[in-house]
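Single-letter residue listing:
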Amino acid sequence: MPPLPSLGRWALGRVLRAVGLVGAVLLVTWCLVEALPGDACSARLDPDLDPKAFAAIRAALGCDAPALTRLSADLARVISLDLGVSTSRHVPVRSLLAQALPASLVLGGAGLAIGQGLGWASALVQAPRRGTALDVGVGAVTVLFASVPGFALALALLHGALAFDPTWPATGTSTPWLVPTFAERLQAMLLPAVALGLGAAALDARVARSALVGALTQDHIRAARARGVGESRLLWRHAVPNALLPAVALLGLQLPALVSGAVVVETIFAWPGMGRLLVDAVHAADAPVVLGVFYAYAVVVVAGGVFADLAAVLLDPRIRLAT
Amino acid sequence: MSTSRKALWSVCLSASLACDDNPPPAPPSVAMGDTLVVGVGQDARDLLAPLAQSAFDLALLDLLGTRPLDVHFDCELSYVPGFAKEWTWSEDGRTLDLVLRDDLAWSDGTPVRARDLVLLGELIRDPAVGSPRAANLAQLTPGSPEAVDDTHVRYTFEARGQPTIMAANVGLLQLVPSHLLDDPALERKGLRTHPLNTTAPVSSGYWQLASWEKGKTLVFEPNPHHPGPAPGLARVVFRVLPDYDTRLLELRSGRIDMMEAVQIVDADKLVAEQPDIKLRTRGYRAQDYIGWNNVDPAAYQAAAAGGERPDVATLPRHPLFGDPAVRHALSMAIDVDRIIADVLTSQATGKAYAVRAVSTITPELCATRDAGITPIGFDVEAAKVALARAGWSDTNGDGVVDKGGVPFRFTMIMPTGSARRVQVSTIVQGQLAAVGVDVQIEALDPGALFERLRRRDFDAAYTGWSAGLWVEPSSAWGKDSDFNFTSYQDAEVQALLEAGSREPDPTKAAEIWRKFQRRIYDDQPYTFLYWMDEIVAVDGRFDNTDVNLVSPWSHLERWTVAPDKVKYRE
């Protein structure tokens, strides 16, 4: 058996692979943007535009440069963390990301917390009562929420909330010229976070329930029960820690959703996050912003994977670093 | 004195006047009224006059700026004073002199001067800027416009044309703040990233931009340096809500006061359930049509592969739509009146929000529209006969007419994102099937659709135009225009197009444009469908609202709210 690498060497290897992966994602994204019909300049073409003016716009926005020149310039900007200037909003992509990323992180974080909270709560209700009507009923509800498309859930929540209270700030405060209070910010975030959280909760619940049921049927749990250990203690002290591993793996996969999974919800609730930024950029064929958003996505996705691996190693020493 | 030295002198003079002899007027007291919150689908992009391009950007610029000429539309475009208090044409019709007001100031207090107009012209005409407005000034002589003095600007045109259009081209542009942009060190190629364009424009109009949170809100407040009467509203807020359903919900819950492009079914519900929301219509500026590609797409693309624009007269005709008789038959098979009744008419009130289209010139232009054109009537049997005469009949009994073994089958492209177009395309598909024509529908993202149209890579396209307020049909029908998507060419049409554009007499020009429309209608390069009357919803507490063909929020400075109805108090 070959010797296991140290944690430092393992981490270095993962980081190097991560950098390569991010580079590959950027290259593929650039090629996809290039393959899209039109470009940032043709998105500006309209019937009132004189052909000479259009040619001048192409030159001013750099659309007429050869593809290889643009590729090398774009990649050089990414390597230097410059990311360039948006061709539709004319401000540095970094500043757009700096505004959108925190908004998405806050919303995604809240959605993730709601999802994990609801998911584990339902799993903790279901697992000890496996096969009962309650288990089946809660399971059916989770399947329902997992099946409803995000946009339908978001619109249903929006309609429901405004029918219940027309003044509810579902898409931000109604006095956007005033600095919102903390309570107003929380109110504005509640519906989109719930919309995100309900979808995630359904999956979390199924994975956590499955892991808990598996843990509760293990021999050492049965032995503990035979020794007279209470059900509550069995669940919390013995089953839950053992069920954490698959849940943490899932959490690692869900981390990218903090920034990437809210395209529809952000559009419906007018939340100025990364999803909205990406949709607007795609419509405007704004290649620097699309690249910047995917750059951020790639970093978060890869970092999420590394985080999940590291957490798994720390939670379960049986998992070998050699993986 | 060189132009640049003149400019420098002008700036120095302006600056010295501003500092010493002619201080900016004291800010008038601002009436603290209510706030208007408008829900819009997109954010602003460019707010500097030479760069603004989208309809939304241009509408916002109208809040921020003062144009030399203001417009009034009643059957035809006419002008009222704006920044220019008087204007005169020379006898040869080539020179336009503007006499400017001297009481306007930018929102930073600097007086507005003739140099602001001249620099605007310089920036628009500088290829480094890449201005979408370059065509507006393309007919000016080199060096024009020129500032005769601080309140007098002269435009000299290369040739005489229609005064209304010539004045529109130069008089409807917003000013630029020369005291902030007249800098030799300014890199004009990078003007789009200038803060005046992206974050903090200065204003010469009734309103100034108080804040701009990208993708979220634009907040306008009265410009305290504007000498006119203070606006009746304390604030105008544009909230960016990209999703139509969200905008509608926000309107119904009272969290926005105004939205454009309300769908008819939603308008019916608003009328029935929320009488406090008033509905206004803007008039006929948008039309839908089905364009039939006149030339073979494959041949066009092969000819265009070298990068040059092909001479479409030398290309083979489209195998299905190259024959005008076939296009005429297809128009007979489409029941436009039924489409209007089923899709564009209120089922609650019976009010139609569309009229039949017979050309690309809006019927709002009373003098130019041709009321004598009788729309082609819906007649399935006549359409079948016409197709048979053109050689198309169902020889194998499969329900699809064919000719030489080739079935009459094609794909109609259309843009995504419109419930109306989904409904109408399905109706058209069914109606054409009744005469043995098999239509497949392909919905494309607007960007992808435009590329297909531009490359002429389509058979038929169901799309639309937004009409200007004056007649300028060369984009849609000019033989060298990128936007003549169907590659329609006809010698008589081109001759009329050139004659109409050159004719200075409006009455004679209108007669030419009527002939022009009739000739095109005879050839049916499009099946002209309908002009739509856009519905705008406004909260009923606002008085003096002016929703019209020119703008959904014309003269916002005149909008008021009665004191007992004010919703947002400071």
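Cut-offs and rules
- Residues numbered from 1 in each chain as written.
- Chains lettered and ligands numbered in written order.
- Predicted model: local features only at pLDDT ≥ 70, side-chain atom pairs only at ≥ 80, totals over all residues.
- Heavy atoms only, no water.
- Helix = DSSP H or I, 4+ residues; strand = E, 2+ residues; numbered from the N terminus.
- Buried < 20%, exposed > 50% of the residue type's maximum accessible area, 1.4 Å probe, protein only.
- Contact = heavy atoms within 4.5 Å.
- Areas by Shrake-Rupley, 256 points an atom, 1.4 Å probe, with all protein chains shown as cover.
- Domains from an automatic or database assignment.
- Buried area = accessible area lost by both parts, 1.4 Å probe.
- Salt bridge = Lys/Arg side-chain N within 4 Å of Asp/Glu carboxyl O.
- Patch = residues over 30% accessible without salt bridge, like charges linked within 9 Å, V, L, I, M, F, W, Y side chains within 5 Å.
- Polar contact = N/O pair within 3.5 Å; in protein donor to acceptor, adjacent residues only side chain to side chain.
- Nonpolar A, V, L, I, M, F, W, Y, C, P; charged D, E, K, R; others polar.
- Disulfide = S-S within 2.5 Å.
- pLDDT = per-residue confidence, 0-100.
- Phe/Tyr/Trp six-rings, centres within 6.5 Å; stacked < 30°, edge-to-face > 60°.
- Lys NZ or Arg CZ within 6 Å of the ring centre and 35° of its normal.
- Core = buried A, V, L, I, M, F, W, Y, C linked by side-chain atoms within 4.5 Å.
- Pairing = 2+ DSSP bridges.
- Axes fitted to C-alpha atoms, helices over the stretch in contact; angles between N-to-C directions.

Caption draft 1: View of the overall build of chain A. When its secondary structure is counted, chain A shows 13 helices and zero strands. Secondary structure elements in chain A, listed N-terminal to C-terminal, are α-α-α-α-α-α-α-α-α-α-α-α-α. Scored against the burial criterion, the 323 residues of chain A give a buried share of 44%. In chain A, 71% of the contacts between residues at least 6 apart in sequence involve partners at least 24 apart. Of the accessible surface of chain A, which amounts to about 15600 Å², a share of 70% is contributed by carbon and sulfur atoms.

Caption draft 2: Seen up close, the domain arrangement of chain B. All names here are of chain B. Looking at chain B, the domain boundaries give domain 1 (3–47 + 197–283 + 534–565), domain 2 (66–189) and domain 3 (284–532). Just the C-alpha atoms count here: the centres of domain 2 and domain 3 sit 37 Å apart. At the junction of the two partners, domain 2 supplies 11 residues and domain 3 supplies 13 residues. Both sides together, the interface formed by domain 2 and domain 3 hides about 990 Å², and carbon and sulfur atoms give 69% of it. It is Phe73, Cys75 and Gln162 that lose the most area in domain 2 upon contact with domain 3, and together they represent 49% of the buried surface on that side. The interface formed by domain 2 and domain 3 includes zero salt bridges. Ranked by residues supplied to the side of domain 2 that touches domain 3, first place goes to helix H4 (residues 163–171) with three residues.

Caption draft 3: Quick peek at a nonpolar patch on the surface. All names here are of chain A. A grouping of Leu7, Leu310 and Leu314 is seen on the molecular surface, where their side chains present a nonpolar patch of about 270 Å² in accessible area. In this structure, Leu310 sits in helix H13 (residues 287–315). By relative accessible area, which is 32% here, Leu310 ends up partly exposed.

Caption draft 4: Local environment of the interface of chain B and chain A. Between chain B and chain A, the contact holds 47 residues from the first and 45 residues from the second. Applying the counting criterion to the chain B and chain A interface returns zero salt bridges. Across the chain B-chain A interface, the total number found is three residue pairs in polar contact (both at pLDDT 80 or more). Every element with two or more residues in the side of chain B that touches chain A is listed here: strand E1 (35–40), helix H6 (195–198), strand E9 (217–222), strand E10 (235–240), helix H7 (244–252) and helix H14 (446–454) of chain B. Class assignment of the residues belonging to the side of chain B that touches chain A gives a composition of 18 nonpolar, 12 polar and 17 charged.

Caption draft 5: Quick look at the side chain of Thr360(B). Residue and element names in this part refer to chain B. Checked against the element boundaries, Thr360 lands in the loop between strand E13 (354–356) and helix H12 (380–389). Polar side-chain contacts of Thr360 include one of 3.0 Å to the side chain of Trp477. In contact with Thr360, not counting residues within four places along its chain, are Gln287, Trp465, Ala467, Trp477, Tyr526, Phe528 and Trp531.

Caption draft 6: Local environment of the state of the cysteines. Residues and elements named next belong to chain B. Considering all chains together, one arrives at one disulfide over all chains under this definition. With a sulfur-sulfur separation of 1.7 Å, Cys75 is cross-linked through a disulfide to Cys366. Here Cys75 and Cys366 share a disulfide; its torsion about the S-S bond, -75°, makes the bridge left-handed. Linking Cys75 in the loop between strand E2 (69–73) and strand E3 (77–81) with Cys366 in the loop between E13 and H12, this pair joins segments that are 291 residues apart in sequence.

Caption draft 7: Representation of the confidence of the model for chain B. Across chain B, the average pLDDT comes to 89, with 94% of residues at 70 or higher. Among the scores for the predicted complex, ipTM is 0.73 and pTM is 0.82.

Caption draft 8: Highlighting the pattern of salt bridges. Residues and elements named next belong to chain B. The final tally for this structure, using the stated rule, is 45 salt bridges over all chains. A salt bridge links Lys479 to Asp480, with the shortest nitrogen-to-oxygen separation between them at 3.6 Å. For Lys479, a relative accessible area of 43% puts it in the partly exposed group. The class for Asp480 is partly exposed, based on a relative accessible area of 48%. Within this structure, Glu442, Glu451, Arg452, Arg454, Arg455 and Asp457 form a network of salt bridges that share partners.

Caption draft 9: Quick peek at the packing of aromatic side chains. Residues and elements named next belong to chain B. For the structure on display, the rule yields 24 aromatic pairs over all chains. Here the aromatic residues Tyr289, Phe450, Trp465, Trp477, Phe483, Phe485, Tyr488, Tyr521, Tyr526 and Phe528 are joined through ring pairs into a cluster of three or more. Seen from the ring of Trp212, Lys214 lies directly overhead, with NZ or CZ sitting 3.6 Å from the centre. The ring centre of Tyr353 lies 5.0 Å from the NZ or CZ of Lys351, which sits over that ring.

Caption draft 10: View of the environment of Ala147(B). Residue and element names in this part refer to chain B. Tracing the backbone through its elements, the reader meets Ala147 in strand E6 (residues 146–149). Counting along the chain gives 34 residues from Ala147 to Arg113, while the straight-line C-alpha distance between them is 9.3 Å. Every residue in contact with Ala147, bar those within four places of it in the chain, is listed here: Ala114, Val118, His152 and Val153.

Caption draft 11: Molecular detail of the nonpolar core. Residues and elements named next belong to chain B. One finds Phe408, Phe410, Leu432, Val437 and Tyr530 to be the most contacted residues of the largest nonpolar core, which totals 139 residues. Beyond its immediate stretch of four places on either side in the chain, Val437 contacts Leu330, Leu387, Val401, Phe408, Phe410 and Leu432. Counting residues in hydrophobic clusters, the runner-up holds 29 residues, among them Val40, Phe220, Phe238 and Val536.

Caption draft 12: Just the sheet that holds strand E4 (residues 84–89) of chain B, in detail. Residue and element names in this part refer to chain B. With antiparallel pairing, the four strands of this open sheet are ordered in space as E4-E5-E7-E6. Of all strands in the sheet, those bounded by a partner on one side alone are E4 and E6. Here the strands of the sheet are splayed against their neighbours by 25° on average, with no regard to which way each runs. In this structure, strand E5 (residues 95–100) lies alongside strand E7 (residues 152–156), joined through five bridges in antiparallel fashion. Each bridged residue has a counterpart across the sheet, and for Thr95 the counterpart in E7 is Thr156.

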